[in-house]
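Close look at the chain arrangement
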Amino acid sequence: MTSTAAPLDAARVEAAMRRALSLAEHGPGVGENPQVGCVLLDASGEIVSEGWHRGAGTPHAEVDALGKVADARGLTAVVTLEPCNHTGRTGPCAVALIEAGIARVIYAVADPGDVAGGGAERLRAAGVAVEHGVLAGEAEELLRPWLTSARLGRPFVTVKWASTLDGRAAAADGTSQWITGAAARQRVHEQRARHDAIAVGTGTVLADDPSLTARGDGGELLAHQPIPVVFGTTPVPADAALRRHPAGLIEVGHRDLGAALDGLASRGIRRLYVEGGPTLASAFLRAGLADEVLIYLAPMLLGGPRTALDELGVTTMSEALRLSIHGIERLGDDLLVTCRPTPHHPAPHS
């Protein structure tokens, strides 16, 4: 079966995809479901409906958009991600589009999942015209954590630390509150809320007794709380603040980071925020398991032995773990530097 859908103006299609990407940003960005946006266009390229995915168990973006029109026959669906082809809490979006009479589907990036992928083939088999690649780079950037997790079969890992300009994470006596100012600390809370889980080592738990909650400006708990994950062979004390965390607690009592990430992935964790301390951060970097690095730099000098990172296994300059800088932002008096591993040091699943 072959579609007879007439071509649309390329500029209108690109504008529609840009709108779909904007809609996708409203999605939660946590959990197993990606952020997806969808717009429906008529034959002239005008937007007649919009939709976006609001989280697990809610209608997917395509179904959300279809539900807002009385008759979708002959329309074009512009979607940020290839329509899914599986039945979970909701049915396959590819089938919903076919049954609604959609004539053409244009998506930005393919779904890499073994279960959900294949929607484009199903659409073509039903006679729907399918195109892809419009604003693919922008869609890849928006969906980077989810796509990385889907492709590698493990959580997307963000490693974060705060340090002075001379690379210290604490003074010689161990005090570290506060290296950064209020604006930087609030940004950390916002980042916690955008991750499924937050990881620390047992050394940090014993030294600081952190709560690891995500809080707003007034100290209130934010709607989404990351699950605390503690790495280390020492059990978390019974009276530790983490025992009272609203999202529960996961303890990883071994040193195999690859196996630990497998276990977290099996729990539906797609994004992991590694917050401390130096031993754990260095372990993820050393293993090549950091997909993103966030470095908060405070304009102070401490000197002394308490550095932000431990040994990385680097003995000569040719072995240096090189990063590319993808953003520099000023937060009060502090700087947030966002980095990614260079292609020479990818983040494999070990």
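The preceding data block contains the structure.
Residues numbered from 1 in each chain as written. Predicted model: local features only at pLDDT ≥ 70, side-chain atom pairs only at ≥ 80, totals over all residues. Heavy atoms only, no water.

Turning to the packing of aromatic side chains, a few remarks are in order. This model, assessed by the stated rule, comprises 1 aromatic pair. Taken together, a centroid distance of 5.8 Å and an interplanar angle of 85° make the contact between F231 and F284 edge-to-face. With a gap of 53 residues between them, F231 in strand 8 (residues 227-231) and F284 in helix 10 (residues 278-286) connect regions that are remote in the sequence. Overall, F231 belongs to the buried group, its relative accessible area being 6%. Above the face of the W52 ring, R54 is positioned so that its terminal group lies 3.9 Å from the ring centre. Over the ring of W178 we find R185; its NZ or CZ atom is 4.5 Å from the centre of that ring. (Phe/Tyr/Trp six-rings, centres within 6.5 Å; stacked < 30°, edge-to-face > 60°. Helix = DSSP H or I, 4+ residues; strand = E, 2+ residues; numbered from the N terminus. Buried < 20%, exposed > 50% of the residue type's maximum accessible area, 1.4 Å probe, protein only. Lys NZ or Arg CZ within 6 Å of the ring centre and 35° of its normal.)

On to a nonpolar patch on the surface, then. A surface patch of nonpolar side chains, amounting to about 300 Å² of accessible area, comprises I325, I328 and L335. With respect to the helices and strands, I325 occurs in strand 12 (residues 323-331). The class for I325 is exposed, based on a relative accessible area of 56%. (Patch = residues over 30% accessible without salt bridge, like charges linked within 9 Å, V, L, I, M, F, W, Y side chains within 5 Å. Areas by Shrake-Rupley, 256 points an atom, 1.4 Å probe, with all protein chains shown as cover. Salt bridge = Lys/Arg side-chain N within 4 Å of Asp/Glu carboxyl O.)

Time to look at the pattern of salt bridges. Enumeration according to the criterion identifies 17 salt bridges in this entry. If you follow the salt bridges from partner to partner, you end up with E14, R18 and E138 in one network.

So, about the side chain of T202. Secondary-structure assignment places T202 in helix 8 (residues 202-208). Discounting residues that sit within four places of it in the chain, T202 has contacts with V230, F231, G232 and T234. (Contact = heavy atoms within 4.5 Å.)

What follows concerns the pairing of strand 13 (residues 334-341). Burial of strand 13 is extensive: 6 of the 8 residues sit out of reach of the surface. When strand 11 (residues 292-298) meets strand 13, the two strands line up antiparallel, connected through 5 bridges. Its bridge partner being in strand 13, L297 is matched across the sheet by L335. Pairing between strand 12 and strand 13: 8 bridges, direction antiparallel. Considered in strand 13, the bridge of R330 is made with L335. Counted between consecutive antiparallel strands, the loop separating strand 12 from strand 13 contains 2 residues, among which G332 sits at a positive phi close to 65°. (Pairing = 2+ DSSP bridges.)

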